[in-house]
Amino acid sequence: MKRISILASLLISASFIIFSCQEGAKKDPKPVDVQDLTRNQPETHGTEIKESEITITHPLNAEWVSGGKTIYELKCQSCHKLTGEKLVGPGWLDVTKRRTPAWILNMITNVDMMLEKDPEAQKLLELCMVRMPNQNLVIEDARKILEFQRSNDGEK
Amino acid sequence: MKHYLLKFFIPLVFASVGLLWIQSCKPKGAGSAVSGDAASKVYVAPGKYDQFYNFVSGGFSGQMSVYGIPSGRLLRVIPVFSVDPEKGWGYSEETKPMLNTSHGFVPWDDLHHIALSETDGIQDGRWVFGNGNNTPRIARIDLKTFRTAEIIEIPNSAGNHSSPFITENSEYVVAGTRFSIPMDNSNGDVPINSYKQNFRGTLSFIGVDKTSGNMNISFQILLPGVNFDLARAGKGKSHGWFFFSCYNSERANTLLEVNASQKDKDFILCVNWKKAEEYLKAGKGVKKAVSYAHNVYSEQTHMATSTLEKEVIMLDPKDCPDMVYFMPCPKSPHGCDTDPTGEYIVGSGKLAAVIPVFSFTKIQKAIADKNYDGIYEGIPVLKYEAVLHGEVQKPGLGPLHTEFDDKGNAYTSFFVSSEIVKWNVESLKVLDRVPTYYSVGHLSIPGGPTKKPWGKYMIAYNKITKDRYLPTGPELAQSAQLFDISGDKMKLLLDYPTIGEPHYAESIPADLVMKNSQKIFKIEENKNPFAALGDKYARVERKGNEIHVYATSIRSHFTPDNIEGVKMGDVVYFHITNLEQDWDVPHGFAVKGANNGELLIMPGETQTLKWTPEKPGVYPFYCTDFCSALHQEMQGYIRISAAGSNVPISFSTGKTIPDSISTKTP
C-alpha cells in the first residue's frame, strides 16, 4: 500500500516535469515603464506657518474675535468645548497659554503635517484617538480662531 | 487487497497525468490570444493613476460607471436614472425630485449612450450626458462632482435610443425616437395598425448652456414613423449637420424582426440644424402643448427641484424645405459615425454585407444638384451612388459601430462574426481583424467620436460573456475587452467585467477631469434650508405631525443623538448636515426599520431621510460609513411614544435628558 502511494506520487511529480508547458516562461524583454504610464498622486499639505509670520497684538482685534467665534460654531464646536473639559478633542480653555500661536495655526491648517511630525500633536492623537479633521480653514480664518481663543482665555 | 489497489491506482495516475497535460498545454485559442507583455501594459502600480477615465453606460442598471484605463479598475458607479440606496439617490428627500417625470416618480431606466461635452470638437471634461431609453430622458453629470446635475424628459418620444449625441461645441445634445408613437397632444387612443396614419417620429435638439450646462429643449423636428437608431454630429467641415441612422422604413408595427427587414436599403437622415435654427428664428416653429419634467440639482442648496414644462416648438419639414434629407443605407443601419475630419459618415447596416462610407462633400453636391432618388413621406432621398465615397467590401458579418483612431483608421465591430475590423477610411482597405469574446456591440477609443482621437487603446463591449469568467449561475458578469491599437495590429490586453449591460462609452485623458474634481462642499456655502450650520443650530422641532430633526455629524458623533417626544402618527425628517471639511469623509445615516435607503452625506452637505415610525419604542440610528477609530460609537437613539403621549420634545448630545427618567408613557 505504502509503496504504491510512493509510486503514484513519483509518477505525478515526473509528469509535471515532463509535460509542463514551457509557454508561460517566456518574458517580455522590455517591460513597460509604469512611471511613464501613470502619474504620481501628490499628497498636498498646507505650508508650514513660522512663529515669525504671526503678529500678536494688544488689544485684541474685536472683529477677528467675533469672526473667530462664528467659525468656531460652524467648524469646531462639535468637538471642542470652551471650558477645559475634553469632548472629542481637548477643551480650549487656556490653550493659548499651553501652545504657541504657530503650533495652534499649524494644527488648524496643517493637521496632517502636525500629526506626522509634531510630538505634542501625536500625544493628543493617542489621547483622543480621533485624527483632528482638516476643516479646510485658510490661514486668515485660523488667525481669527486664535484671536477668539485668546479672548476665551481672558486676554483683552 | 494489494492487487486491487494496484489495479485501481495505476490507471488513475495515468489519467491525472493526461488531464494535467491537457490543462497546461491548451492549444492556442480563446484563452491565450494575448501576447506576453499584456500584463505590464495594463498594470498600474498601487498608488498610481490610470491614464484615462472611461465613462461607461450601465445599460439596464440605469447608471453610469467610471473605469480607469488601462487597468480596467472600477472607480465609481454614478447613480443616474435608477435609485441607489447605497448613496441615498432617489431615497433622500433632496434627490427624489431628480427621478420625477410626467408619469410621476420613475425609479429605473435603461442608459445606453454616453456623450462627453466638447469644445471645438475636442472633449473638454466638463460634463457627461447619458440617455434614458425607456421613459425618454437625458441626464447631465457634472464632472466636478461626478454626480447627476440635471435630468430632462423628452416629450413626443418613446424609446429614446438615438441619444444623447453631441455637437462639436456642445451646442446641442439630441434625442431621436426609436419607437414612433402618436404625438403627445393628439388622441393616442388609436388602433395600433393605424401606424402609418397616426404614428410619428421626432428628433429633439436640446440646447446646452455654455456656462452652466443647463439643458433646454430648443426645438423638435416632426418626422415619418421610422425608427431612429443612432446618430452623430458633423464636425469640422460638416459642423452644422447631424446624421441619424434609421430602420423600419417599412413602418411596420408588428414582428419588426421580419417586417422591418424587407427593403434593401433604409436611411440615414441628414439634418441641417443651422438651417433649422434659421427656421426657428423665422417663426416657422409651431408651439405644441406637452408635459415633461425638468429636474435640476443645486450644489448650493444640495437639493433637486422638478418643474413640469408645458410646451415645445415643433418644426415640420413640409414648412421648412432644405432642412432634412434621407440618404439610402443598406440594410437596417445601426451605427452612424462621422470620422475625425467630418468628411466621412460610416453607416453600419446590421444585415449588410458591405460598410458604406458617405462623403459630406458629395452630400452637399447631390443636394445642390437635386440628385434625388425619389421622395419618402415628403422628404427628398439623395441618390446612393451620388453621396457614396465607397464601400468596404467583405468586412465581416453584422457591422454595428465604428470608432476612429488618430491615424486615419476606422474600427468596426461585427456582432455576428464576433470580431473587430480595422480599415483605412480613405482607401477603404481592410488592414487587420481580431476576434472578440463574444458578440461585440459598441467600441470605444479615447476621443474616438471627436476631432482629436487620443488613440492608443480600444475597448470592446461584448454582449455575451459565456465562459470568460468564473461562472456565477445563469447570470454572468458583463464584459469588456481592452486592446492596444498603438501598432499596426490590434492586440488584446485585458478582459474585465462591467456593471449593467455596457453599451457606448467614452474615454478622456485623466488630467482633463481630475484637475477640476471637487473634494468637499464648502460648509459656508451650504444653502440647504434644513441645514444645521454648527451645533448651535442642532435642534428638533415639531410642525403639526412633522418632526424635523436638524442634526450635525462630525467624527464621530451626531448632535443631537438622544431624541424624545416623537409620537405615533408623526413623520420624522432627519436633516443631517455633515460638518466635515476634509476630503473623503462622508458620514452615513440609517435608522432601524425605516422603509427607506440610507443617507450618504458628503462633507459640507445636508441630506434628509424621511421616516414614518411603525410602532412605539426606542430606535437606534448610526453612521454607516466608517469614519474614524470611534466610528462604531457614532450612534444615537430616538424614542417613539404612543399617540397622545405627553412626552415633551427633547434632544441632547453628551448628557442624559434629566426629565426623561421621570416621564412615564401613558
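As the structure is a computational prediction, the values presented were derived from the model and not from experiment.

Focus on the overall build of chain B
Along its length, chain B carries nine helices and 44 strands. Over its C-alpha atoms chain B spans a radius of gyration of 29 Å, differing by no more than 12% from the 26 Å that the globule rule assigns to 666 residues. For chain B, the spread of C-alpha atoms along the principal axes amounts to about 95 × 90 × 50 Å. Sorting the 666 residues of chain B into buried and exposed places 53% on the buried side.

Here we look at the pairing of strand S18 (residues 324-330) of chain B
Residue and element names in this part refer to chain B. Burial runs high along S18: seven of the seven residues are buried. Residues Val324, Phe326, Pro328 and Pro330 of S18 are buried on one face, and the alternating residues Tyr325, Met327 and Cys329, pointing to the opposite face, are buried as well. With seven bridges connecting them, strand S15 (residues 265-272) and S18 associate as antiparallel partners. Paired with Ile268 across the strands is Met327, a residue of S18.

With respect to helix H7 (residues 119-128) of chain A
With one of its ten residues buried, H7 of chain A lies for the most part at the surface. Count one or two residues on from H7 of chain A and you reach Met129 of chain A, which has phi positive near 65°.

Examining the confidence of the model for chain A
All names here are of chain A. Across chain A, the average pLDDT comes to 80, with 71% of residues at 70 or higher. In this model residues 1-29 is a low-confidence stretch, pLDDT under 50, and it forms 27 contacts with partners more than four residues away in sequence or in other chains. A low-confidence stretch, residues 32-43 (pLDDT under 50), is modelled with 18 contacts involving residues beyond four sequence positions or located in other chains.

Examining unusual backbone geometry
For residues that are not glycine, phi is negative in most cases, and the peptide bond is trans in most cases. Residues and elements named next belong to chain B. Look at the link from Ile69 to Pro70: it is a cis peptide, with omega at 20°. One can find Pro70 in the loop between strand S2 (64-69) and strand S3 (73-78). In this model, Lys370 sits at a positive phi of 50°, which is unusual for a non-glycine residue. In this fold, Lys370 is placed in the loop between helix H6 (360-368) and strand S22 (372-376). Since 9 C-beta atoms lie within 10 Å of it, Lys370 is described here as exposed. Despite not being glycine, Leu428 has its phi angle at roughly 65°, a positive value. With respect to the helices and strands, Leu428 occurs in the loop between strand S27 (419-424) and strand S28 (430-435).

Examining the sheet that holds strand S26 (residues 409-414) of chain B
Residues and elements named next belong to chain B. Ordered in space as S25-S26-S27-S28, the four strands form an open sheet in which the pairing is antiparallel. This sheet does not close on itself; its edge strands, each paired only once, are strand S25 (399-404) and S28. This sheet shows a mean twist of 20° between the axes of neighbouring strands, independent of strand direction.

Let's talk about the nonpolar core
Soluble globular proteins tend to bury their nonpolar side chains together. Residue and element names in this part refer to chain B. Membership of the largest hydrophobic core comes to 129 residues, with the highest contact counts inside it found for Phe244, Val271 and Met327. In terms of residue count, the dominant contributor to this core is strand S14 (residues 241-247) (six residues). Among all residues touching Val271, those that are not within four sequence positions of it are Leu203, Ile221, Trp241, Phe242, Phe244, Ala276, Met323 and Val324. Ranked by size, the runner-up nonpolar core spans 63 residues in total, among them Ala531, Val549, Phe574 and Ala594.

Points about the sheet that holds strand S29 (residues 440-444) of chain B
Residue and element names in this part refer to chain B. Strand order in this open sheet of four strands is S29-S30-S31-S32, and the pairing throughout is antiparallel. Every interior strand has two partners, whereas the edge strands, S29 and strand S32 (491-498), have only one. Adjacent strand axes in the sheet meet at a mean angle of 25° when their direction is disregarded. The pairing of strand S30 (residues 457-462) with strand S31 (residues 478-484) spans six bridges and is classified as antiparallel. For Ile459, the partnering residue across the bridge sits in S31 and is Leu482.

Considerations on the environment of Ser212 of chain B
Inspection of the secondary structure assignment puts Ser212 of chain B in the loop between strand S11 (201-208) and strand S12 (215-223). On the basis of neighbour counts, which here come to 13 C-beta atoms within 10 Å, the residue Ser212 of chain B falls in the partly exposed class.

Points about the confidence of the model for chain B
Low-pLDDT portions of the prediction should not be read for the details of their coordinates. All names here are of chain B. This prediction gives chain B a mean pLDDT of 93; 93% of its residues lie at or above 70. Overall, residues 8-31 carries pLDDT values under 50, and its contacts beyond four positions in sequence, including any with other chains, amount to 21 contacts. Note that pLDDT drops below 50 for residues 658-666; the model gives that stretch twelve contacts with residues more than four away or on any other chain. Interface predicted TM-score (ipTM) for the complex: 0.76; the corresponding pTM is 0.88.

Each value, and the rule that gives it
- Throughout, residues of each chain are indexed from 1 in the direction in which the sequence is written.
- The lettering of chains begins at A and the numbering of ligands begins at 1, in the order of writing.
- Note on the predicted model: pLDDT of at least 70 is required for a residue's local features to be given, and 80 or more for side-chain atom pairs to be given and counted; whole-chain, interface and lining totals, by contrast, use all residues.
- Secondary structure elements follow DSSP: runs of H or I no shorter than four residues count as helices, runs of E no shorter than two count as strands, and numbering proceeds from the N terminus.
- In this setup the radius of gyration rests on C-alpha atoms only. A globule is expected at 2.2 Å times the number of residues raised to 0.38.
- Remark: C-beta atoms are placed from the backbone, and a residue is labelled buried if 20 or more other C-beta atoms sit within 10 Å of its own, exposed if 12 or fewer do, or partly exposed between those counts.
- Paired strands, in this sense, are two strands between which DSSP finds at least two bridges.
- pLDDT expresses, on a scale from 0 to 100, how confident the predictor is about each individual residue.
- Contact between two residues is assigned when their C-beta atoms, built from the backbone, lie within 7 Å.
- Under this scheme, a helix contributes an axis fitted over its contacting stretch, all axes are lines through C-alpha atoms, and angles between N-to-C directions fall in the 0 to 180 degree range.
- The term nonpolar core refers to a set of buried Ala, Val, Leu, Ile, Met, Phe, Trp, Tyr and Cys residues connected through C-beta atoms within 7 Å.

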